[in-house]
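Residue strings, one per chain:
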2 protein chains.
Amino acid sequence: VNDRSTAVSPSSAADPRLPLVQFVERPGIIDLGWGHPDPALLPVEQLRLAADRVLAQYGADALNYGHAAGPGPFREWVAERLAAIDARGPEPASIVASAGNSQALDQVVSLLASPGDIVLVEDPTYHLAVRILRDHPVELVPIPADERGLDTDVLGDTLDSLRRAGRRVRLLYTVPTFHNPTGVSLAPERRHALVRLASRDGFTIIEDDAYRELSYDGPAPRSLWSIAPDGLVVRLVSFAKSLAPGLRVGAIVADAPFARRVADSGVLDSGGGISHFASLVVAECGRSGIYGTNVERLCGAYRDRRDALVASLKRVLGPAASFIQPAGGYFVWVTLRGIDARALLATAEALGTSFVPGEVFHLAQGSMTSLRLAFSRYAPAALAEAAERLGHAAESTRV
Amino acid sequence: VNDRSTAVSPSSAADPRLPLVQFVERPGIIDLGWGHPDPALLPVEQLRLAADRVLAQYGADALNYGHAAGPGPFREWVAERLAAIDARGPEPASIVASAGNSQALDQVVSLLASPGDIVLVEDPTYHLAVRILRDHPVELVPIPADERGLDTDVLGDTLDSLRRAGRRVRLLYTVPTFHNPTGVSLAPERRHALVRLASRDGFTIIEDDAYRELSYDGPAPRSLWSIAPDGLVVRLVSFAKSLAPGLRVGAIVADAPFARRVADSGVLDSGGGISHFASLVVAECGRSGIYGTNVERLCGAYRDRRDALVASLKRVLGPAASFIQPAGGYFVWVTLRGIDARALLATAEALGTSFVPGEVFHLAQGSMTSLRLAFSRYAPAALAEAAERLGHAAESTRV
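Quick caveat, the model's predicted, so the values are computed rather than measured.

## Quick word on the interface of chain B and chain A
Each side of the interface is counted separately: chain B has 71 residues, and chain A has 71 residues. Summed over both partners, the interface of chain B with chain A buries about 5900 Å², with 61% contributed by carbon and sulfur atoms. Contact with chain A buries area across many residues of chain B, yet Leu20, Leu63 and Tyr65 of chain B alone supply 15% of it, more than any other trio. Linking chain B to chain A there are six salt bridges. Between arginine 131 of chain A and aspartate 269 of chain B there is a salt bridge; the shortest N-O distance is 2.6 Å. Where chain B meets chain A, there are 34 residue pairs in polar contact (both at pLDDT 80 or more).

## A short note on the relation of the copies chain B and chain A
Mapping one chain copy onto the other needs a rotation about an axis and a shift along that axis. Laying chain B over chain A is done by rotating through 180 degrees and shifting 0.0 Å along the axis; what remains is an RMSD of 0.0 Å. Considering both components of the superposition, the chain copies are consistent with a two-fold axis.

## Brief notes about the pattern of salt bridges
Pairing of side chains with opposite charge becomes possible as their charged atoms draw close. Evaluated as defined, the whole model comprises 56 salt bridges over all chains. For aspartate 201 of chain A, the salt bridge identified is with arginine 200 of chain A, shortest N-O distance 2.6 Å. For arginine 200 of chain A, a relative accessible area of 47% gives the class partly exposed. For the salt bridge of arginine 306 of chain B with aspartate 217 of chain B, the shortest nitrogen-to-oxygen distance reads 2.7 Å. Of this pair, arginine 306 of chain B sits in helix α11 (residues 290–317) while aspartate 217 of chain B sits in the loop between β7 (204–209) and α7 (224–227), and the two are 89 residues apart along the sequence.

## Details of the packing of aromatic side chains
Summed over the entire model, instances satisfying the criterion amount to 22 aromatic pairs over all chains. Centre to centre, the rings of tyrosine 211 of chain A and tyrosine 330 of chain A are 5.6 Å apart; their planes meet at 65 degrees, and the pair counts as edge-to-face. With tyrosine 211 of chain A in the loop between β7 (204–209) and α7 (224–227) and tyrosine 330 of chain A in the loop between β10 (321–323) and β11 (331–336), this pair connects stretches of sequence that are 119 residues apart. Overall, the relative accessible area of 1% leaves tyrosine 211 of chain A in the buried class. We classify tyrosine 330 of chain A as buried; its relative accessible area is 0%. Relative to phenylalanine 331 of chain B, the ring of tyrosine 211 of chain B has its centre 6.0 Å away and its plane inclined at 75 degrees; by these criteria the two rings are edge-to-face. Of this pair, tyrosine 211 of chain B sits in the loop between β7 and α7 while phenylalanine 331 of chain B sits in strand β11 (residues 331–336), and the two are 120 residues apart along the sequence. In terms of burial, tyrosine 211 of chain B and phenylalanine 331 of chain B fall into one category: buried. Taking NZ or CZ as reference, arginine 377 of chain A lies 3.4 Å from the ring centre of phenylalanine 23 of chain A, over its face. In this structure, arginine 88 of chain B is placed above the aromatic ring of tryptophan 225 of chain B, and the distance from its NZ or CZ to the ring centre is 4.1 Å.

## A word on helix α2 (residues 72–85) of chain A
Taking 1.5 Å per residue, 14 residues should reach 20 Å; α2 of chain A reaches 20 Å between its end C-alpha atoms and fits that length. Here the buried face of α2 of chain A lies against β2 (95–98), β8 (233–238), β9 (250–253), α10 (276–288) and α11 (290–317) of chain A.

## Let's talk about helix α6 (residues 188–201) of chain A
All names here are of chain A. Taking 1.5 Å per residue as the helical rise, α6 with its 14 residues ought to reach 20 Å, and the 20 Å between its terminal C-alpha atoms agrees with that figure. Arg190, Arg191, Ala193, Leu194, Val195, Leu197 and Ala198 are the residues of α6 that are buried. Just past α6, the residue glycine 202 takes up positive phi, approximately 70 degrees.

## Some words on the side chain of asparagine 180 of chain A
Residues and elements named next belong to chain A. Its place among the elements puts asparagine 180 in the loop between β6 (169–174) and α6. By relative accessible area, asparagine 180 is classed as buried at 0%. At a separation of 3.5 Å, a polar atom in the side chain of asparagine 180 contacts the side chain of tyrosine 211. Among the polar contacts made by the side chain of asparagine 180, one reaches the side chain of arginine 372 at a distance of 2.8 Å.

## Some words on the sheet that holds β11 of chain B
Residues and elements named next belong to chain B. Pairing in this open sheet of four strands is antiparallel, and the strands run β10-β11-β14-β13 from one edge to the other. Across the chains shown, the open sheet's two edge strands, defined by having one partner strand only, are β10 (321–323) and β13 (356–357). Across the sheet, α11 touches β10, β11 and β14 (370–374), and the angle it forms with β11 is around 10 degrees.

## Some points on the packing of helix α12 (residues 341–351) of chain B against helix α13 (residues 380–397) of chain B
All names here are of chain B. For the pair α12 and α13, the least separation of the axes is 8 Å and the interaxial angle reads 130 degrees. Considered as vectors, α12 and α13 are oriented oblique to each other. As α12 runs across α13, the sense of the crossing is right-handed. Along its contact with α12, which presents Ala343, Leu344, Thr347, Ala348 and Leu351, the element α13 presents Arg389, Leu390, His392, Ala393, Ala394, Ser396 and Thr397. Of the residues in the contact of α12 with α13, the class split is seven nonpolar, four polar and one charged.

## Description of the packing of helix α3 (residues 101–112) of chain B against helix α8 (residues 256–263) of chain B
Residues and elements named next belong to chain B. Two elements in contact, α3 and α8, have axes separated by 11 Å at closest approach and are oriented at 100 degrees. Judged by the inter-axis angle, α3 sits roughly perpendicular to α8. Within the contact between the two elements, α3 uses Gln107, Val108, Leu111 and Leu112 and α8 uses Phe258, Arg261 and Val262. When its residues are assigned to classes, the contact of α3 with α8 shows five nonpolar, one polar and one charged.

## With respect to the environment of proline 176 of chain B
Residues and elements named next belong to chain B. Structurally, proline 176 is set in the loop between β6 (169–174) and α6 (188–201). For the pair formed by proline 176 and asparagine 294, sequence separation is 118 residues and the distance between their alpha carbons is 23 Å. With near-sequence residues (within four places) excluded, proline 176 lies in contact with Val184, Ser185, Leu186, Arg191, Glu207, Asp208 and Leu224.

## What to know about the confidence of the model for chain A
Residues and elements named next belong to chain A. Summing up the model confidence of chain A, the mean pLDDT is 94 and the portion of residues at 70 or higher is 95%. Low confidence marks residues 5–15, where pLDDT is under 50. Its contacts with residues over four positions away, or in another chain, come to 13 contacts. Of the two predicted TM-score estimates for the complex, the pTM is 0.95 and the ipTM is 0.94.

Conventions adopted
All residue numbers here refer to positions counted from 1 along the written sequence of the relevant chain. Here every chain gets a letter starting at A, and every ligand a number starting at 1, in the order they are written. Per-residue local features are limited, in this predicted model, to residues with pLDDT of at least 70; the limit for side-chain atom pairs, both in listing and counting, is 80 or more; totals at the level of whole chains, interfaces and linings are taken over all residues. Side-chain measures were taken over the full set of non-hydrogen atoms in the model, leaving aside hydrogen atoms and water. Residue contacts are counted whenever heavy atoms from the two residues lie within 4.5 Å of one another. Two parts placed together each lose some accessible area; with a 1.4 Å probe, that loss summed over both constitutes the buried area. A pair is scored as a salt bridge if a Lys or Arg side-chain nitrogen falls within 4 Å of a carboxyl oxygen belonging to Asp or Glu. The term polar contact refers here to a pair of N or O atoms within 3.5 Å; inside protein, the definition further demands a hydrogen-donor-capable atom paired with an acceptor-capable atom, and it admits residues adjacent in sequence only when both atoms are side-chain atoms. Superposition of the copies was done by least squares, using only C-alpha atoms of residues whose pLDDT is at least 70 in both. For each residue, the accessible area found with a 1.4 Å probe, counting protein chains only, is set against the maximum for its type, and the residue is called buried under 20%, exposed over 50%, and partly exposed in between. Each helix corresponds to a stretch of at least 4 residues labelled H or I by DSSP, and each strand to a stretch of at least 2 residues labelled E; elements are numbered beginning at the N terminus. The pairing test for Phe, Tyr and Trp rings, Trp by its six-membered ring, is centres within 6.5 Å, and the orientation test on the planes gives stacked under 30 degrees, edge-to-face over 60, and tilted for anything in between. A ring is considered to have a charge above it if a Lys NZ or an Arg CZ atom is located within 6 Å of its centre and within 35 degrees of its normal. A helix is expected to span 1.5 Å multiplied by its residue count minus one. Think of it this way: DSSP has to see at least two bridges between two strands before they count as a pair. Orientation is described by lines fitted to C-alpha atoms, with helices fitted over the stretch in contact, and by angles between N-to-C directions that extend from 0 to 180 degrees. Oblique is the label for every angle not falling under 35 degrees (roughly parallel), over 145 degrees (roughly antiparallel), or within 65 to 115 degrees (roughly perpendicular). For any pair of crossing helices, the crossing counts as left-handed if the nearer helix is rotated counterclockwise from the farther one by less than a right angle, and right-handed if it is rotated clockwise. Note on residue classes: Ala, Val, Leu, Ile, Met, Phe, Trp, Tyr, Cys and Pro are nonpolar, Asp, Glu, Lys and Arg are charged, and everything else, Gly too, is polar. The quantity called pLDDT is the predictor's confidence in a given residue, expressed from 0 to 100.

Below, the structure is given as structure tokens:
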């Protein structure tokens, strides 16, 4: 679950070779549009060791058709890890390996939604999740979110009117912890309210929990999964942010009956698990301690980056903008005063920085004055420089 | 694209650990039910070297969000390889990396089929592809196949009556080369007839080309993709059979507009390519020659296995059965005379061998006298022993 990719197209004229990665380097631009990890923070050598060890330990079993729900060592390690970083942990039998949260979201929607069903989404929300949802014949209904996350009062009202209209709400997709794009975490009382409403109205919550490991100010909030009765929440856990996105490994965490249902889907039954070798590599990182050490290192580095960006933004934007300091994840959400974000973007790019305008994350008409800044890909000095450029751009854009 | 997995459940009582792989060992049984490679034939050390080299060469770029269509080196190598093993090759721009043919089939159906659309399938066909198709809100219509593959005369008649009934045929799924379960390849004139009908009636052919590399008696037949106009055939290419299923890497091959459409789907845009690191490992195997050497070695080994099984079947079954000698792939399809395959299975298992009864591969009522034998997982001596046991079982089952 990453970022901006639809916003920028690589120029094949500039480089005749086909692209290797998604990120498109634009000379002279510090591009805070991309929700990608800094290449310098990816544990290349540790993953080489882990891949070696997996092949030494499991031999051909690491390369054959894997168990449909994911290899046992992976499910066992994920269960242990989630127990350590959340209020309660799942049984291994409630866990199915995925090829990352994007694939997992696609599969869960395929399994749970019928044509014409309503899927509720936060507004603003992760725009590429919206694209995945729109690849299915469902109807999306936005629920507004504020600085405490999804507005559960509006959600309750919306559910009431949909029920009166005879419409079936099947799913609600949410990023309740260190939200993309806002960085906000859903307030504790709203977490409970959301779970109560799902229980009352019989819809399933898809909890995209991609950012939990990247928590900078103490433990992350309890997951929705951990406070809900069995069967109400399908939680998508990713190792893209905490280890490496290119491995394409995540996990679907629900209850044992749903895990069996996912594992029994045609794709996993036929293919033998969606990420067999790569998920063994992730499990080996977990078992050997590489994973835990890496998460600590990432949290330290990203905390510094967040602090650098936030401090610079405060200094350069002053009263021209407000923003929420995120306690985790990749993003700072900025709301401008009297400046259109699209106009600011044009000026900012001319001055050597970039971002994603907030309207991209809104389902229908959205705020024209907000924007998302990712602090994941650049070191503190570059972030401070980007903030300076943004400040200059804001000054010259203000009317 | 593998096999029997729905037929056997692992006993968690026997082994308290969660399963690692899909194959379930049953002591004393030579199980020809599984369309899996022999673990002894998987190139463990070569893949370790390839993974090492990928991380040394590309560093963090091998682990970050990959280009949505797959990494350039992978698409370039697949284009070269397909040009070498088929009548014509695609441009790299017509290729998108997949996580194997099961994931690719699921995605292509999601993109192309609307609720209520008709999807035509061969009968018999790969039963787990049917499960993938049934995870979508489409209607499956079987078209009979014989020893020359899909019966294109019946297909023409079926298309005519569907058209008269005002029904929309959107897709046809076929394994035209070294078919699962029959081992048959679609006859050349029928390949052309199929392409003409698709062109006339405006449906897309999904060509599951998982077995092309495993060709034992000369070159494999030209792919449907290679003889069709652009845009008519979406071909699914797999490296599960020619390298290692656990890597979960394949490719979707169509034309450039369709490849862009696949790469632009929500899942690939968000996740950054579905198999970034693993597809770089496959490309490195290709570039370094590991892949070509491995395919030659596999063809030699599987040819010996096919020959051993076929020779033994001839000797032990005699006039009790007929079968078609496959020119490639994993399977021999046996048709019994006057013996019910389910009854034979019970006796065969008591005598220490097993298989998948043919009815599993039929959409509706199927032949009760056919069965599928996989020769991929066992060495020639074990295959000869399995055939002996099957012969004894047939003798005691005959009425």
